[in-house]
Amino acid sequence: MHRTKVLPVILVFIVITIFPSCVKDIDFDQAGDISLQPAVQASLLIFEVEPRDFINPETNSQKQVIRDTVRLEFLDDSYIQNDLAKVEFRFKFRNTFPQSFSNRILFLSENKLLQHEVVFDTNPGSQGNTVISEKIEIIEPEMIQVIKRSIQMVVEITVNSNDQPFEGKLNFESTGLFYFQF
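Since this is a predicted model, take the numbers as computed values, not measurements. (Residues numbered from 1 in each chain as written. Predicted model: local features only at pLDDT ≥ 70, side-chain atom pairs only at ≥ 80, totals over all residues. Heavy atoms only, no water.)

**A few points about the overall build of the chain**
A count of helices and strands for the chain gives three helices and eight strands. Listing each helix as α and each strand as β along the chain from the N terminus yields α-β-β-α-β-β-β-β-α-β-β. Each of the 182 residues in the chain was classed as buried or not, and the buried ones make up 34%. Just so you have it, the chain exposes about 11700 Å², and 54% of that area is on carbon and sulfur atoms. (Helix = DSSP H or I, 4+ residues; strand = E, 2+ residues; numbered from the N terminus. Buried < 20%, exposed > 50% of the residue type's maximum accessible area, 1.4 Å probe, protein only. Areas by Shrake-Rupley, 256 points an atom, 1.4 Å probe, with all protein chains shown as cover.)

**What about the sheet that holds strand β6 (residues 131-139)?**
If you walk across this open sheet you meet the four strands as β1-β8-β3-β6, and the pairing is antiparallel. The strands lining the two open edges of the sheet, one partner per strand, are β1 (39-49) and β6. Across this sheet, the average inter-strand angle for adjacent strands is 15°, counted without regard to direction. As paired elements, strand β3 (residues 84-95) and β6 share nine bridges and run antiparallel to each other. What sits directly across from Val87, in β6, is Ile139. (Pairing = 2+ DSSP bridges. Axes fitted to C-alpha atoms, helices over the stretch in contact; angles between N-to-C directions.)

**Observations concerning the packing of aromatic side chains**
Two numbers describe a pair of aromatic rings. These are the distance of the centres and the angle of the planes. Following the criterion strictly, the structure yields 14 aromatic pairs and no others. Seen from their ring centres, Phe89 and Phe91 are 5.9 Å apart, and the 20° between their planes marks the pair as stacked. Of the two residues, Phe89 and Phe91, both sit in the buried class. An aromatic cluster of at least three residues, connected via ring pairs, comprises Phe47, Phe74, Phe89, Phe91, Phe93, Phe107, Phe120, Phe172 and Phe178. Taking the ring centre of Tyr179 as reference, the NZ or CZ of Lys86 above it sits at 5.3 Å. (Phe/Tyr/Trp six-rings, centres within 6.5 Å; stacked < 30°, edge-to-face > 60°. Lys NZ or Arg CZ within 6 Å of the ring centre and 35° of its normal.)

**Some details on the pattern of salt bridges**
If you walk through the whole model with that rule in mind, you get 11 salt bridges. Of the charged contacts in the structure, one is a salt bridge between Glu50 and Arg52, with a shortest N-O distance of 2.9 Å. With relative accessibility at 61%, the residue Arg52 sits in the exposed group. Two residues, Arg67 and Glu156, come together in a salt bridge whose shortest N-O distance is 2.9 Å. One end of the pair, Arg67, is in strand β2 (residues 65-71); the other, Glu156, is in strand β7 (residues 152-160), with 89 residues separating them in the sequence. The exposure class assigned to Arg67 is exposed, which follows from its relative accessible area of 56%. (Salt bridge = Lys/Arg side-chain N within 4 Å of Asp/Glu carboxyl O.)

**Side note on the sheet that holds β2**
Taken together, four strands build an open sheet; the order of strands is β2-β7-β4-β5 and the sheet is antiparallel. Here the strands that pair on one side only, and so sit at the sheet edges, are β2 and β5 (114-122). With direction set aside, neighbouring strand axes in the sheet form an average angle of 15°.

What follows is the structure, encoded as structure tokens:
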């Protein structure tokens, strides 16, 4: 009976001597070395293009080039200007036109000066076969100023004509994954 009382005392003694040796000293002076690196994904521009969008309303003739512009007001916010470290843009086209398209995505400053350009082609599709063309553009920290100076994104689509009928739809989606360093 005496033995059962000694065992808990020995266990308590062992626990008290072992646990303090498992705790590392905390240096609160290192708090300034802590950095947060969150990432935020945002949709930038989404649209659908049909054959009528390539018709000039004044002349009723087909246009080879169409453009859409979006203001990226959030790029002017102070936390973007101070803490944006990297951006990954994704541009995706879904094409059912039997024509291919040449695409330019322009990032412009407030004064409409070109800061960055992305160029890629959209492959032809068909009514029963939607073809997806995707481009990923990564802006690394050493080039991030081109995005910080941008306020507009212009999407320019040029039809690469062929002998096929000009029928179908072209869907466009763009997103940005913004990485911050706080």
